[in-house]
There are 2 protein chains.
Amino acid sequence: MAAPPNRPRTDYGSAGVDTDAVEAGLAGLVRHIRTTWPAATEGLGAIKGRSGYFASVVDFGGMGVAVCTDGIGTKALIAQMTGRYDTVGIDCVAMNVNDLVCVGARPVTLVDYIAVEQAEPAMLEALGAGLAEGARRAGVSIAGGEIAAMRDVIKGAVPGAGFDLAATAVGRVALDAVNTGAAVQPGDSIVGIASSGIHSNGLTLARRVFFERAGLTVADHVEGLGESAGEALLRPTYIYVREALELLASEVPVHALAHITGDGFLNLTRIEAKVGMRLDTLPAPPPVFAVLQRLGGIADAEMYRVFNMGIGFCVIVPPAHEARAIEILGGDGKACRRIGTVVEDAEERVWIGQAGLVGRAGEGFVREDAAPA
Amino acid sequence: MAAPPNRPRTDYGSAGVDTDAVEAGLAGLVRHIRTTWPAATEGLGAIKGRSGYFASVVDFGGMGVAVCTDGIGTKALIAQMTGRYDTVGIDCVAMNVNDLVCVGARPVTLVDYIAVEQAEPAMLEALGAGLAEGARRAGVSIAGGEIAAMRDVIKGAVPGAGFDLAATAVGRVALDAVNTGAAVQPGDSIVGIASSGIHSNGLTLARRVFFERAGLTVADHVEGLGESAGEALLRPTYIYVREALELLASEVPVHALAHITGDGFLNLTRIEAKVGMRLDTLPAPPPVFAVLQRLGGIADAEMYRVFNMGIGFCVIVPPAHEARAIEILGGDGKACRRIGTVVEDAEERVWIGQAGLVGRAGEGFVREDAAPA
């Protein structure tokens, strides 16, 4: 999952509720973690790239090995509520490989970690089917993993069916090709690729809206959605590896890649370049977001902070290469378009034109007319 | 954690209770996972080494990248019961790097995954302190990680303090130096290095014995132990990376390395060579095991299947190199001695001389006088 506001600039991610408490603990934890980083910035073990980016890159002796870890969070509860376990493995792979490719790395393999309340063979096999399908879509192998049966540690939405699903993706990137968004400059085009829905972020809020506030069940057909609440929330996260790798291999100079997860478009502020982003040609958010906002009575600022709002991955390229980038990125079949422009802004703000919002890392979004001049 | 009996021969690990159910689910899951392995046995992404070994090795384009993932299991509950969170991070690192070095890999970096019932800053910082200490002992960096706050997924022994701690270790090994125990032959010496206690395996049984059957609290001093139950169960897992790497770098031909976790000495049967192991010079198990056996009324066969019984890591070398191997392995200060000999045995059995036990992978141990001739 991506980081909530106020995250320290580290590749440490965090997810779920208790945002401030998570961040306070995260800061303390990260202080210790960073003491393990070699002082040397060259040679075996040196940490490359940018602290605070989507994945870490480590020098494995002349070759860069990119690594990142993430889980599906409370999407596991939706799987339990619907009794369908064969798709969240796709989300688990997606959350990791979509982050990994942002540093310019080619995802190569993955290991998964499954903690279960009790081992239920059919459930474990279904989780494996999803993981394998995700691996196929990402073009990676699953080299191994771990299953831990811990009835005293794991619980869930259905008695006995509790589980947690996470993974670690490992990839390869040339040390001189690590992408941290340093080349991004004002005038660059921001290209967005459609998400498949809410992906694996904002599930806690979405569950509250559908199942508590609106009193729906996962099987209930939701007006304006054309599908059940369970179907809408369980739809697998898109995997953007193929099109991203194709773009990276093309003649297009890729200034940055950004996986849009929790924090929404504020993920764009993680790039190294100190610039602003004006998102003035975003597509209208897909129905699931409008329905969640209506049923939950959620403000625009909260919607854009918690959800991806229809865009799951962004790429930043020079304007002269925008058309070619869209052609390549659209090749995998997902909707793709220019959604905005990089602008000069020392405060590194993100503007959501259609919603009249302006946001900053660590602060979320506010209405532009309410923002200090 | 290591694999319980009946584990399929895969690098997939599993831990905890429900052994048979875990194994049934594991088998189904692994069938799917293996469909992601490239058909090619050479080139980027190819899976090297031995399915069923301590870590996986993937071809990263001429260089081997070793990867494995594991967690601390229910040792997290001991941390909660004692209110001490700054040591289990060491166990988390240990469980991973001790596996990784078995394939002959040099551990380079690690990412951790922390799932918490609710984010408690002091607890998270303490977990980070332990992870950092473990990383220092293993000589690795912690490149990144993830914190997921999921009150609907995680529970624990103390309300609000529930957490799960896992990690993934990544290392480097020359593709022509991947060690899977293929060179092991009858007559080889089995050298064992002492464990620090029960490490991170058998906690479920140990908790049942101390806190249910014997009715102790973590603070209770345990007769014959010279320390409290909490201290005995929380003692951090030894990390064997430094001495193992020194041995691998020496002139000693290292035929195999084995991390002794769950399944105890049956971990020795994971090596590629089809041989038997006669452990006839094992040291007497440390007090904690005798106390657990006495208080729990546990049979020898069960003790040797669940616990490491005092030996945390084994190395197999030709007899002519035994003395030098012990000299090098003892250099890190842990007790080290010859514990047995490799013998011809098509059934790949393990004999525990001092206990009169014989065991086989997937079957655990039985009394030798009760075993079929």
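Residues numbered from 1 in each chain as written. Chains lettered and ligands numbered in written order. Predicted model: local features only at pLDDT ≥ 70, side-chain atom pairs only at ≥ 80, totals over all residues. Heavy atoms only, no water.

Caption draft 1: Focus on the pattern of salt bridges. Under the criterion given, the structure shown has 42 salt bridges over all chains. Close ionic contact of aspartate 86 of chain A with arginine 84 of chain A constitutes a salt bridge, the shortest N to O distance being 2.7 Å. The partly exposed category is assigned to aspartate 86 of chain A, whose relative accessible area is 33%. Of the residues examined, arginine 84 of chain A reaches a relative accessible area of 45% and is grouped as partly exposed. For lysine 48 of chain B, the salt bridge is made with glutamate 42 of chain B, and the minimal N-O distance between the two is 3.1 Å. On the basis of relative accessibility, which here comes to 56%, the residue glutamate 42 of chain B falls in the exposed class. Among the charged side chains, a salt-bridge network with shared partners connects Asp345, Glu347, Arg349, Arg360 and Glu363 of chain A. (Salt bridge = Lys/Arg side-chain N within 4 Å of Asp/Glu carboxyl O. Buried < 20%, exposed > 50% of the residue type's maximum accessible area, 1.4 Å probe, protein only.)

Caption draft 2: Representation of the side chain of aspartate 99 of chain B within the structure. All names here are of chain B. Along the polypeptide, aspartate 99 turns up in helix H3 (residues 88-100). For the buried aspartate 99, which has no salt bridge, the nearest side chain bearing the opposite charge is arginine 270, at an N-O separation of 5.4 Å. Setting aside residues up to four positions removed in sequence, aspartate 99 forms contacts with Phe54, Ala55, Cys68, Asp70 and His259. (Helix = DSSP H or I, 4+ residues; strand = E, 2+ residues; numbered from the N terminus. Lys, Arg positive; Asp, Glu negative; His and termini not counted. Contact = heavy atoms within 4.5 Å.)

Caption draft 3: Broad picture of the relation of the copies chain B and chain A. With an RMSD of 0.0 Å, the fit of chain B onto chain A corresponds to turning through 180 degrees and sliding 0.0 Å along the axis. On the angle and the small slide along the axis, the relation comes out as a two-fold axis. Relative to the rotation axis, the closest C-alpha in chain B is found at isoleucine 154 of chain B, a distance of 2.5 Å. Residue by residue, 100% of the interface of chain B is reproduced at the interface of chain A, so both copies engage with the same surface. (Least-squares fit on C-alpha atoms with pLDDT ≥ 70 in both.)

Caption draft 4: Local environment of the domain arrangement of chain A. All names here are of chain A. Looking at the assigned domains, one finds that chain A contains domain 1 (37-177) and domain 2 (189-370). One C-alpha centre belongs to domain 1, the other to domain 2; they are set 22 Å apart. On the domain 2 side, the residues contacting the 33 residues of domain 1 number 32 residues. Across the domain 1 to domain 2 interface the summed buried area is about 2700 Å²; carbon plus sulfur atoms make up 66%. Ranking the residues of domain 1 by area buried against domain 2 places Lys75, Ile78 and Asn98 at the top, with a combined share of 21%. Our enumeration of links across domain 1 and domain 2 arrives at zero salt bridges. At the boundary of domain 1 and domain 2, one finds ten residue pairs in polar contact (both at pLDDT 80 or more). Contributing elements (two or more residues each) for the side of domain 1 that touches domain 2: helix H2 (75-82), helix H3 (88-100), strand E5 (106-116) and helix H4 (121-138). The element best represented in the side of domain 1 that touches domain 2 is H3, accounting for nine residues. (Domains from an automatic or database assignment. Buried area = accessible area lost by both parts, 1.4 Å probe. Polar contact = N/O pair within 3.5 Å; in protein donor to acceptor, adjacent residues only side chain to side chain.)

Caption draft 5: Spatial organisation of unusual backbone geometry. Despite not being glycine, glutamate 348 of chain A has its phi angle at roughly 50 degrees, a positive value. Within the secondary structure layout, glutamate 348 of chain A lies in the loop between strand E14 (336-343) and strand E15 (350-352). Of note, aspartate 263 of chain B is a non-glycine position whose phi angle comes to about 80 degrees, a positive value. One can find aspartate 263 of chain B in the loop between strand E11 (256-259) and strand E12 (276-279). Given the relative accessible area of 9%, aspartate 263 of chain B is considered buried.

Caption draft 6: Molecular detail of the nonpolar core. Counting 253 residues, the largest nonpolar core has Phe163 and Phe265 of chain A together with Phe163 and Phe265 of chain B as its most contacted members. Counting residues in hydrophobic clusters, the runner-up holds 16 residues, among them Ala115 and Ile154 of chain A together with Tyr113 and Val153 of chain B. (Core = buried A, V, L, I, M, F, W, Y, C linked by side-chain atoms within 4.5 Å.)

Caption draft 7: Inspection of the sheet that holds strand E15 (residues 350-352) of chain B at higher detail. Residues and elements named next belong to chain B. In spatial order, the strands read E11-E13-E8-E14-E12-E15-E16-E17; together these eight strands make up an open sheet with mixed pairing. The strands lining the two open edges of the sheet, one partner per strand, are E11 and strand E17 (364-367). Strand-to-strand, the axes of this sheet are offset by a mean angle of 25 degrees, without reference to chain direction. Taken together, the three bridges between E12 and E15 define a ladder with parallel strand orientation. The residue bridging arginine 278 from the neighbouring strand is tryptophan 351, located in E15. (Pairing = 2+ DSSP bridges. Axes fitted to C-alpha atoms, helices over the stretch in contact; angles between N-to-C directions.)

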